[in-house]
Each structure stands twice: as C-alpha cells, then as structure tokens.
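# Structural overview for review
Here is how the chains run, residue by residue.
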Amino acid sequence: MVLKKEWKRQGFIDEPTSEGIDLKSEIRRLCEEKCAIILAHYYTVSDIQDVADFVGDSLALARKAAETDARMMVMCGVHFMAETCKLLSPEKTVLCPDLNAGCSLADSCKAEDLKKFKDEHPGYQVISYVNTTAAVKALTDVVVTSGNAKKVVDQLPKDGKYIFGPDYNLGNYINEVTGRDMLLWNGGCHVHERFSAQKIVELREQYPEAVVMAHLECKGPVLALADVKGSTATMLQYCQQSDKKQFIVATEAGILYEMQRTCPDKEFIPVPPEISESGLECSCNECQYMKMNTLLKVYNTLKYEWPTVEVDPEIAKEAVKPIERMLELS
C-alpha cells in the first residue's frame, strides 16, 4: 500500500472520510476485522476513551495489551507510550495515530544527555520515570511509575547512589517520603508545572467540603495543599471509594471524564493553570499532545495500518530490563 508523501511528512494520515460515516462504529468494525485493540490514556478526549478497549495509565495499558491475543494495537496517548507497548509486545504491530504526539517530560531528558550525566557520576544507578523514551530506558537500571516509585525506591540499598529522572517534582517528593538524597534530573511536565497553588486555595474557599487531589508531577506548593497525592489511577480509585461528593483535581483534565463516568453522583472541579498557553485564564489544564489523538486519525491508522512504531532491537533489548526489574520489585 503506497502512502502519500505528505502523510509521511505530517506523521499522520489526514484522509477525509465519507460524509455521514459513523467513525466509532467503523473503528470497532476494523478492530474486529484486523484483530486489533484500542488503548486510550486517561488524558485523551472522551470520544477516544469511549471507543477504546482499555483506558488507563501508560504502563498499565502496555501490560494489558501484552496479555491479549490481539495482533495489532493502537496506542492513543503519546509516542513514548507506543514505544513501551512495543517493548512489551515486540511481536505485535503497534500503531500511533499521530507520530507528532510527543511528551514535554520525555523530551526534557535526551538519551545523549543522560549518558553524559552518567559518565560524570560514576557509581550511580539510574532510576527513570516510565515517561521516558526507549533510548533513555536503555540507560536505566530500574523504571518506576508515579504509583510505585516509593515502593521501588524503598527496596533499593540505603547506601546506594542514585540519579532520578526526568521529573524533578516526582523525584523531590520521593526523596522527602523515603529520606533519600537522590540526584534529580531537572525535567518536568508542562501541564503539571502550570498548576496554581493560589487557585487551589481559592477553590478550597469556594468548595470547603471538597477533597483536593494532586498528581505527583505537580510542584511542591501544590502537593502541600493536597489531601490525596498520587498517580491518576490512585486519584481515580480514591474518588470511587470515597463517600465525599466533591473533588478538586490537579492533573490533566482528561481524567475528569473517567471520574465522572464512574462516579456520576459526584462533582469534580478542575484546577486551572496559572496562565494558559494562550495567555488567558481558563478553567482547565490540558495536554495538547494527548489531544492530537482524534477519531479520524484512529480510523485512518487502523485502515492503513500506519504509522507504526518500531524500537531498535539493541535498544529494546536493554530498555526492557529496567521494566522487568521494576515488576520484580513492585
């Protein structure tokens, strides 16, 4: 099948569909026809989550996909998530609706920069957040998620020397709760960096009975105001089990769709950023990369089985090791 040069340059297929086509029905038909599954991160738009076979955090999705008999998967998230799927399912075809869907956090730590930093700090082991490229994972000793980072770090030798990256805020939090003094890479998520502590104070005055929940990628002053600190999965589980009725949520706004879907009798209030990317105040904080996933792109990537995501075999061989070690420890 020959693809247009323009599609290759763009990194996604923008072929229009026939007028009146039901994209959701067609996507499900193609999944059945091609033995494919749709994976959607919590931060994607609601239409994507509706059509997905599995909705969740990045690593959980990759592990779930590896357990299925599907021969093909469409990772609706960002590029490093598709790479992680390929690492755990090397024999399967991994599709990415838009190759331009990157990640500011993963981009803040380049493999060549990490290698140089490691060379400057002999004897240090590298602990990498899962939000990293395969090339960075290949230079890593153990991978962690925001949900298991404390548990993994607690099991590492107390006298060891560690580099933690790339998320500075997560690393700083783990240092505090474990009593460690890990060297922290100065990286961050552009979405979680924008949350305003002052706006949380204002929302708390407006909703005095609400529980404040914040992702561990948020800055220290934001976490200090939170009643619940953790991963998206941790926050989702908490609001599902809690008898509270109002929640102030400091993470990417896409998670509110799943929270509201599973807790229809509760109210979820998004924490706005200090200033939006347009320079204007807004009521939510979104990742433009996650929102690059659309139903049309999912339909076209299934139809044409492109763009595919591949990982160099030598990099993949090393990158899967720290993931396996994390699974052993957690």
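Below, the structure is looked at part by part. (Residues numbered from 1 in each chain as written. Predicted model: local features only at pLDDT ≥ 70, side-chain atom pairs only at ≥ 80, totals over all residues. Heavy atoms only, no water.)

### What to know about the side chain of R180
- Within the secondary structure layout, R180 lies in the loop between helix 10 (168-178) and strand 8 (183-184).
- There is no salt bridge for the buried R180, and the closest opposite charge comes from D154, which lies 5.4 Å off by N-O distance.
- Of note is the side chain of R180, whose polar atom sits 2.6 Å from the backbone oxygen of L156.
- With near-sequence residues (within four places) excluded, R180 lies in contact with V153, D154, L156, P157, K158, Y162 and N175. (Helix = DSSP H or I, 4+ residues; strand = E, 2+ residues; numbered from the N terminus. Buried < 20%, exposed > 50% of the residue type's maximum accessible area, 1.4 Å probe, protein only. Lys, Arg positive; Asp, Glu negative; His and termini not counted. Salt bridge = Lys/Arg side-chain N within 4 Å of Asp/Glu carboxyl O. Polar contact = N/O pair within 3.5 Å; in protein donor to acceptor, adjacent residues only side chain to side chain. Contact = heavy atoms within 4.5 Å.)

### What about the nonpolar core?
- In this structure, I127, M213 and M259 are the most contacted members of the largest nonpolar core, which totals 79 residues.
- In contact with M259, not counting residues within four places along its chain, are M213, M235, L236, C239, V249 and F268.
- By size, the runner-up hydrophobic cluster in this structure holds 18 residues, among which are L30, A40, C76 and L95. (Core = buried A, V, L, I, M, F, W, Y, C linked by side-chain atoms within 4.5 Å.)

### What about helix 15 (residues 295-304)?
- Most of helix 15 sits out of view: eight of its 10 residues are buried.
- What helix 15 keeps buried is the set L295, K297, V298, Y299, N300, T301, L302 and Y304.
- Check the buried side of helix 15 and you find it contacts helix 1 (5-10), helix 2 (23-34), strand 1 (36-41), helix 3 (46-51), strand 3 (72-76) and strand 4 (93-95).
- Two residues or fewer past helix 15, E305 is found with a positive phi of approximately 55 degrees.

### Quick notes on the pattern of salt bridges
- Scanning all chains against the criterion turns up 18 salt bridges.
- Here R28 ties to D53 by a salt bridge, and the two come within 2.9 Å at their closest N and O atoms. You can see R28 sitting in helix 2 and its partner D53 sitting in the loop between helix 3 and strand 2 (54-56), a full 25 residues away along the chain.
- Residue D53 is classed as partly exposed on the basis of its relative accessible area, which comes to 30%.
- Residue E318 pairs with K321 through a salt bridge whose shortest N-O separation is 3.2 Å. Linking E318 with K321, this pair stays in helix 16 (residues 313-329), spanning three residues, or about one helical turn.
- On the basis of relative accessibility, which here comes to 31%, the residue E318 falls in the partly exposed class.

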